[in-house]
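Okay, here's what each chain looks like letter by letter:
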Amino acid sequence: MGGMGDRSRDIDGGPVLGRLRAEHRSDSGRGEVVELRERVLVVGRSGDADVRLDDPTVSRRHAELHWEPYEGRGIWRVVDLNSANGVWVKDKQVDEAELRADQPVRLGAFTLHLLGEASDGLGGSGVEAGVESTLVWREDAGGARTGGGGGVGVASLDELSAPVLEARHIRFLLDFGQSLIEIEQAAARRAALCEVMVKSEMHCRCATMIRVWVDQPERPPRVVSPSVTRKGEALEEPHVSRSVLGALVARRQPVMATNEPTGELPEGAIEAGDDSSWAELSINAEQAAITVMAAPVGEGQDAAGAWLDVVYVVATREVGSSAWLTLLELAARLYKEGESAWALRAAAIERAAIEREQAQASYIQRGLVPEAPEVDGFEVGVWFDPCLAVGGDYVDVMGLADGRVLAVLADVAGKGLHAALVTAAVHAVVHAGVGELGERTLSLTGLLERLNRHLCEFTPDDSFVTLVAAVLDPATGQGEVCNAGHPPVMLIGHDGSVSELDSGVNLVLGCLPTELVSEPVSLEAGQTLVFYSDGLNESVNESKRMLEIEGLREMLEGVSQAEVSVSGRVSGLRSALGAYQGTAARADDETALFLCRLGV
């Protein structure tokens, strides 16, 4: 039976923020209770976890508990740390969830219950489900707007001399910037920035990260990372100044403010003005002389609107100088550089995963293309060259049970993985009907009508397929060609001349179920049919001039002398097309199928 282990204890070092009961599934509603006194606690099976849950179903570092201030009280959130068995709320696995008295959270064999309110009024749930964690504006005794649920309660430190900015402060922040590379969790990096601001080197009393709404100045800021205070001081919310945040949003640069008269600015402070880093701070100076500094650390937009993430610190009055504001800006820049590095790392991992998937898809797709097909009575040449890793062209040739030969070339609208998936569907339907086609229980047009119905039913409305297919008897050269919106088939004569076959009247496939018609074809020994995708005739040169069908016909005629083999014609056409394109970028897949009837 699992249990909470020896580390199941009250967390020392601060006021009680909440009480938690961890109930094992074998405990029959009992469980053990732990008082929570820190803002971030690790929950897991590890011996050094803050809340230890001793059961194999719990990961060593399973989750974190985060306390966030809310209207003078607080809420707890559970954040999954990529655990093996996850975090569950109401039978649904979540990455993050609010822990409330009426909403237990399951971690492995344990269920966590939040018990009532903490003794100092800061803990407990105290909020309804779905309430966003925000800081609220309020009026202070003098009518000025401030934030938080009771102020920071800072005392005047007139007896202390002003801190001196030294090289060690720069080294301290550079070390912080370097440490961000080792912190994988975004929430932990945000917390690290706040925590570094309240270290003794920085002389700040309280720090938090909040999200302000660029186009909604009346909307209360949202807590992005809970507030932290200097060691030995009570955990309370900071004053949040509307004027400071308004100035930061307007200027998009670090700002600072004081509640003392501007005539008493400390040495090095910047005077107020349109280009100043100073903003008004209308917090009653009789409470305490303080400096507020804020710096932007991120921006974006979501369904709620455009936002700025801001590191917001409250410091003693002696820190209120441009030098200290510059130090805050350095910390913010280092944080943003760390976030950029992690974003690049995530993008590289995602790109590598996509490339692996594309490589696998390319391997599978090329496996569907006959490399050196051999069919009785014909010499075959295939050219298949996708524009991307995978493409939207499909080419195939195969012998039928009755001795005839089926040749197909299709072009799916679009490129990439979407088009490749549709080509796989074309391949599947065609191959599923080959047996019936060889037994003559299914006609060529019947097979393609079946394919059309499948595409109409299962592909998106904006997807369609052009296709040309032929069934030929190698003994007689007689057969039929069905063209569904595809470029016309070329016929290379004995003397190397090239002409076009009738294109037919069929619509493209995948748009509308309809009857298809085919055209008869007669192929003499030594004559060659050439199927191709529009990636050939729509190629452009460096002057952006399109080759077009007539240009392709002339190009094909130039490489189709009577004595040239099929493979020679394929390679000759590829070389000629490459020379025409020059350095112009390709925009489409290039595919061709040569089918030359041999002498009997």
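Before reading further, recall that the structure is shown in the block above.
Residues numbered from 1 in each chain as written. Predicted model: local features only at pLDDT ≥ 70, side-chain atom pairs only at ≥ 80, totals over all residues. Heavy atoms only, no water.

Asks: Even after reading the chapter, I still don't get the pattern of salt bridges, so can you show me in this structure?
Replies: Oppositely charged side chains can pair when the atoms bearing their charge come close. Here the structure, examined in full by the defined rule, presents 16 salt bridges. The closest approach of N and O atoms between Arg586 and Asp385, which form a salt bridge, is 3.0 Å. Taken as a pair, Arg586 in the loop between α9 (566-581) and β29 (590-597) and Asp385 in strand β20 (residues 378-385) lie far apart in primary sequence, 201 residues in all. The class for Arg586 is partly exposed, based on a relative accessible area of 29%. (Salt bridge = Lys/Arg side-chain N within 4 Å of Asp/Glu carboxyl O. Helix = DSSP H or I, 4+ residues; strand = E, 2+ residues; numbered from the N terminus. Buried < 20%, exposed > 50% of the residue type's maximum accessible area, 1.4 Å probe, protein only.)

Asks: How do you make sense of the nonpolar core when you look at a structure like this?
Replies: Nonpolar side chains tend toward joint burial in soluble globular proteins. Ranked by internal contacts, the top residues of the largest apolar core, which has 33 residues, are Leu193, Met197, Met293, Val311, Val313 and Leu328. Those elements that place two or more of their residues in this core are α1 (167-179), α2 (186-197), β14 (204-213), β15 (222-229), β18 (290-302), β19 (305-316) and α4 (322-368). Ranked by residue count, the leading element in this core is α4, at eight residues. If sequence neighbours within four positions are ignored, Leu328 has contacts with Met197, Met293, Ala294, Ala295, Val311 and Val313. Val422, Leu444, Leu448 and Leu451 belong to the second-largest nonpolar core, a separate cluster that totals 28 residues. (Core = buried A, V, L, I, M, F, W, Y, C linked by side-chain atoms within 4.5 Å. Contact = heavy atoms within 4.5 Å.)

Asks: Mind showing me how you'd approach the sheet that holds strand β11 (residues 110-114) here?
Replies: Pairing between sheet strands relies on hydrogen bonds along the backbone, with the strands arranged either parallel or antiparallel. The strand order β2-β1-β11-β10-β7-β8 describes an open sheet built from six strands, whose pairing is antiparallel. On the outer flanks of this sheet lie β2 (32-36) and β8 (92-94), each paired with one strand and no other. Neighbouring strand axes in the sheet, compared pairwise and without regard to direction, differ in orientation by 35 degrees on average. Two elements, strand β10 (residues 105-107) and β11, share three bridges in a ladder whose sense is antiparallel. Counterpart to Val105 in the pairing with β11 is Leu112. (Pairing = 2+ DSSP bridges. Axes fitted to C-alpha atoms, helices over the stretch in contact; angles between N-to-C directions.)

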